[in-house]
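# Commentary on secondary and tertiary structure
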Amino acid sequence: MTTVASVSSETDSPYSLSHLDALESEAVHIFREVAGEFERPVILFSGGKDSIVMLHLALKAFAPAAIPFSLLHVDTGHNFPEVIEYRDRTVDKHGLRLHVASVQDYIDRGVLKERPDGTRNPLQTVPLTEKIQDEKFDAVFGGGRRDEEKARAKERVFSLRDEFSQWDPRRQRPELWQLYNGRHAPGEHVRVFPLSNWTELDVWQYIAREDIELPQIYFAHQREVFQRAGMWLTAGDWGGPKDGENVEKRLIRYRTVGDMSCTGAVDSDATTLDAVIAEIAASRLTERGATRADDKLSEAAMEDRKREGYF
């Protein structure tokens, strides 16, 4: 009969994987599986922390060879300058190819119109889906995690999209024993989420363990912000602040990074990785629930956008 002591000793075996090792191993397996199954994959890369970790894992998966995928960013024109600078520097550092789909181009051509609230985050869907179709990408890696939002929690690691890039939850496929089904008809593609089973805390602990560089926007810094709908937003040319919205300088940091127009900052004095990890461990709100105005448009805001082709 197996005793408690023997179970403990087996768990503590030097041959067992740590929690982060297991998550890393799963993600590396997913990257290699896609490389073997698909002809033209691409990695969504915005310069945000999840896409940074995803790129780091891809580099590990294929080292010492180069990553066999290019990168894709949907540029809204309202991005944080620090994040765009990081994106371009990372592309140059690793000699990668970056595809950029510009929301501003679609606005200039009259295909899209500015929203009354000034946010362009919901306008990303058309540039994203058309770029996927034009470049004939058949697998698109995204950094979405199930802990972020309830619609993302419904999605599989391999998520089939139809010829219009739309998501149908009823077409989800079983993924038993880490067996992934990449079968798709011509014109369809698969969205792939290597970080599905990670939490925000896992991401930050992995960043600390791997000593991954991040844009400084993720750490506490003095910034000019104003309050709207209970969130601290960055002042800028995108349309904020409006009359009656007072700009003030505060010590803040960002938990997640999207548009300046819809991503709120949190008051924080966490200037180091250890301090950020301690702050997140004590939080009872998800990063998107606390700081993303685009997810507060309705109860089903994210799911509605995912059905239309958004990530």
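Residues numbered from 1 in each chain as written. Predicted model: local features only at pLDDT ≥ 70, side-chain atom pairs only at ≥ 80, totals over all residues. Heavy atoms only, no water.

Per an unreviewed UniProt entry, the recorded name for the protein chain is Sulfate adenylyltransferase subunit 2, and the organism is Streptomyces spongiae. In the Sequence similarities (unreviewed entry) part of its UniProt record, the protein chain is described as follows: "Belongs to the PAPS reductase family. CysD subfamily." (UniProt positions renumbered as here; feature names shortened; annotations may be inferred.)

## With respect to the packing of helix α2 (residues 19-37) against helix α8 (residues 200-210)
Two numbers describe how α2 lies on α8: the axes approach to 11 Å, and their chain directions differ by 95°. One element, α2, and the other, α8, form an angle in the roughly perpendicular class. Mapping the contact onto sequence places H19, L20, D21, L23 and E24 in α2 and D202, Q205, Y206, R209 and E210 in α8. Of the residues in the contact of α2 with α8, the class split is three nonpolar, two polar and five charged. (Axes fitted to C-alpha atoms, helices over the stretch in contact; angles between N-to-C directions. Helix = DSSP H or I, 4+ residues; strand = E, 2+ residues; numbered from the N terminus. Parallel < 35°, antiparallel > 145°, perpendicular 65-115°, else oblique. Contact = heavy atoms within 4.5 Å. Nonpolar A, V, L, I, M, F, W, Y, C, P; charged D, E, K, R; others polar.)

## Some remarks on the sheet that holds strand β7 (residues 221-228)
Spatially, β8-β7-β9-β10 is the arrangement adopted by the four strands of the open sheet, whose pairing is antiparallel. The sheet is open, and its two borders are formed by β8 (231-234) and β10 (266-267), each paired with just one other strand. (Pairing = 2+ DSSP bridges.)

## What to know about the packing of α2 against helix α3 (residues 49-62)
Interhelical geometry of α2 versus α3 gives an angle of 70° and a closest axis separation of 9 Å. Accordingly, the angle class assigned to the pair α2 and α3 is roughly perpendicular. Of the two elements, α2 crosses α3, and the hand of that crossing is right-handed. Contact residues: E24, A27, V28, F31, R32 and A35 in α2; M54, L57, A58, K60, A61 and F62 in α3. Looking at the contact of α2 with α3, its residues break down into nine nonpolar, no polar and three charged. (Left-handed = near helix turned anticlockwise from the far one by under 90°.)

## Some points on the sheet that holds strand β4 (residues 139-141)
In a beta sheet, neighbouring strands are held together by backbone hydrogen bonds and run either parallel or antiparallel to one another. If you walk across this open sheet you meet the six strands as β3-β2-β1-β4-β6-β5, and the pairing is mixed. In the strand order of this sheet, the two ends are held by β3 (98-102) and β5 (158-161), each with one partner. The average undirected angle you get between the axes of adjacent strands in this sheet is 30°. Judged from the five bridges that link them, strand β2 (residues 70-75) and β3 form a sheet pairing that is parallel. Considered in β3, the bridge of L71 is made with L98. Its contacts with the sheet place α3 against β1 (41-44), β2 and β4, and it is angled at close to 140° to β1.

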